[in-house]
Amino acid sequence: MSKKHTYRTVTTWTGNLGEGTSSYTAYLRNFTVSAEDKPDLHGSADPAFRGDAGRWNPEEMLLAAVSACHKLWYLHLCADAGICVTAYTDHAEAVMDEGGNGSAGRFVSAVLKPRVTIAAGSDRAKALELHHEAHRLCFIANSVNFPIECRAEIESGEAV
């Protein structure tokens, strides 16, 4: 029997400069995402679409969700397998194709590049292999329609 989880967020446009959307250049793309009992996330469009570069854009948030979900599954699997992860950093990248008319764009690929440090004595080969299982189990990866590649590096650290 499957379990269903419900998530709720509120996205509020904060870019009305007084004229609403009276023209394409009359408003900011800024917004705030909120969820109960969490700090607000300040977003905008990508600067290529008149957005604020100092705010998160939806494309970055999607890539961050893919990366974070993979990491969470990976750490879970490592803990279950007796592999002690002591550090994890992912420099993920994704490619979005705007399409011919600029409005039918979509992501075409993503690459996760996690650099993982495991404690001395942990199984390096198994640590690398678990990235495949993390990808298979990742809720976000299972929800998108573009390929996600994982190019993990495993380093062995000191004993914990």
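About the criteria used
Residues numbered from 1 in each chain as written. Predicted model: local features only at pLDDT ≥ 70, side-chain atom pairs only at ≥ 80, totals over all residues. Heavy atoms only, no water. Buried < 20%, exposed > 50% of the residue type's maximum accessible area, 1.4 Å probe, protein only. Pairing = 2+ DSSP bridges. Helix = DSSP H or I, 4+ residues; strand = E, 2+ residues; numbered from the N terminus. Axes fitted to C-alpha atoms, helices over the stretch in contact; angles between N-to-C directions.

Student: How should unusual backbone geometry be read in this particular structure?
Tutor: Negative phi is the rule for most residues except glycine; trans is the rule for most peptide bonds. At D37, a residue that is not glycine, the phi angle is positive and equals roughly 65 degrees. In the Ramachandran plot, R50 falls in the positive-phi region, its phi being about 70 degrees despite a non-glycine side chain. For R50, a relative accessible area of 43% translates into the label partly exposed.

Student: Help me out: how do you make sense of the sheet that holds strand β3 (residues 41-43) in this one?
Tutor: In a beta sheet, neighbouring strands are held together by backbone hydrogen bonds and run either parallel or antiparallel to one another. As summarised here, the arrangement of the three strands in space is β1-β2-β3, forming an open sheet in which the pairing is antiparallel. Two strands in the sheet have a free side with no partner beyond their single neighbour: β1 (10-13) and β3. Ignoring which end each strand starts from, the neighbouring axes of this sheet average 20 degrees apart. Summarising the sheet, β1 and strand β2 (residues 31-34) pair through four bridges and their orientation is antiparallel. Looking at β2, one finds that W13 is bridged to F31.

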